[in-house]
Amino acid sequence: MEILQWLGAHEGIVGTLLGAALGFVAAYTNQWLQRRRQLRIAMMRVATDLRHWLGSVASNIGDTVTFVESDGATGSMRADIPSLRFEATLDVVCLLDDATARRIFDLIHEKDDANAAIDATSEYVSYEEAVDVFRGEAARLFLTGFAAYKDVCGRIDWSSDAFPHSTASMQLEVARLGEFRRKQEEPNNWPFAERQPEPEK
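Visitor: What exactly am I supposed to notice about the environment of L39 here?
Guide: With respect to the helices, strands and loops of the structure, L39 is situated in helix 2 (residues 11–69). Residues L39 and C94 lie 55 residues apart in sequence; the distance between their C-alpha atoms is 9.7 Å. When near neighbours in sequence (up to four residues on either side) are disregarded, L39 contacts L95, L96 and D97.

Visitor: It is not clear to me how the pattern of salt bridges should be interpreted in this structure. Could you clarify?
Guide: Charged atoms that come close allow side chains of opposite charge to pair. This model, assessed by the stated rule, comprises 13 salt bridges. Close ionic contact of D132 with R176 constitutes a salt bridge, the shortest N to O distance being 2.8 Å. Of this pair, D132 sits in helix 5 (residues 127–155) while R176 is found in helix 6 (residues 166–184), placing the two residues 44 residues apart along the sequence. Given a relative accessible area of 16%, D132 falls into the buried group. In this structure R176 comes out as partly exposed when scored by relative accessible area, which is 35%. Each of E110, E137, R140 and R181 takes part in a single network of salt bridges with overlapping partners.

Visitor: Looking at this structure, how should I read unusual backbone geometry?
Guide: Glycine aside, negative phi is the norm for most residues, and most peptide bonds take the trans geometry. In this model, D157 sits at a positive phi of 60 degrees, which is unusual for a non-glycine residue. Overall, the relative accessible area of 67% leaves D157 in the exposed class. One non-glycine residue, F163, lies in the positive phi region at around 55 degrees. Structurally, F163 is set in the loop between helix 5 and helix 6. Taking the relative accessible area as the measure of exposure, F163 reaches 18% and is therefore buried.

Visitor: Would you explain the packing of helix 4 (residues 98–124) against helix 5 in this entry?
Guide: When two helices pack together, their arrangement is captured by the angle between the axes and the distance separating the axes. Close contact between helix 4 and helix 5 brings their axes to 9 Å; oriented N to C, the two are set at 175 degrees. By the criterion of interaxial angle, the relationship of helix 4 to helix 5 is roughly antiparallel. Here the residues of the contact of helix 4 with helix 5 sort into 11 nonpolar, 5 polar and 8 charged.

Visitor: For this particular structure, what's the right way to read helix 6?
Guide: Along an α-helix, residues three or four apart share an orientation, since each turn contains 3.6 residues. The terminal C-alpha atoms of helix 6, which comprises 19 residues, lie 27 Å apart, in line with the 27 Å expected from a rise of 1.5 Å per residue. Buried residues of helix 6: S166, M170, E173, L177 and F180, and no others. All buried residues of helix 6 project into a common sector of 75 degrees when viewed along the axis, lining one side.

Visitor: Looking at this model, I keep getting lost on helix 5. Mind explaining?
Guide: Here helix 5 contains 29 residues, and its C-alpha end-to-end distance of 41 Å stays within 8% of the 42 Å for a straight helix at 1.5 Å per residue. In the segment just after helix 5, D157 is the residue with positive phi, at about 60 degrees.

Conventions and cut-offs
- Residues numbered from 1 in each chain as written.
- Predicted model: local features only at pLDDT ≥ 70, side-chain atom pairs only at ≥ 80, totals over all residues.
- Heavy atoms only, no water.
- Helix = DSSP H or I, 4+ residues; strand = E, 2+ residues; numbered from the N terminus.
- Contact = heavy atoms within 4.5 Å.
- Salt bridge = Lys/Arg side-chain N within 4 Å of Asp/Glu carboxyl O.
- Buried < 20%, exposed > 50% of the residue type's maximum accessible area, 1.4 Å probe, protein only.
- Axes fitted to C-alpha atoms, helices over the stretch in contact; angles between N-to-C directions.
- Parallel < 35°, antiparallel > 145°, perpendicular 65-115°, else oblique.
- Nonpolar A, V, L, I, M, F, W, Y, C, P; charged D, E, K, R; others polar.
- Expected span 1.5 Å × (residues − 1).
- Arc of directions from axis to C-beta.

Given below as structure tokens:
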């Protein structure tokens, strides 16, 4: 009874507090729903742009491999990893959750580092070896980007069955680059290194 009497005596205050609480809950719920919608739209845009970029990378590698293996008869020579479309404005990436945004920013950073390594190899070693670096680094980044693409697609219930035959070929390119770099680390393959004499038979 005392509680009812107190409520009756303070009916205005109780009504004000209850109204404020309901308003806060409504505003919070609306903000949460809006944030969820923005996150889903951002993921859809990122997934679309990642798929476009993966297609470009796979195409560039394929054209280059065809050109090299055909001695220039078909295909075309490429030695640069393309930018992602959302690099022009990164606002959409900033709407993602922290973990996904970090993966995307890391991918961009690694792509820029790879292009710098390709350019340095072309300038200081040879264009042919720069092409080898491009093939391996582009393939490595394809696999990294494809993993991010599959994760994003899974979170928005999209199919990620694109590029069904590319993973194996990309892994081969990465292994090929690893073997190429292992050989380059051998002293006789260093630039300007003096060749060691052949052992006497």
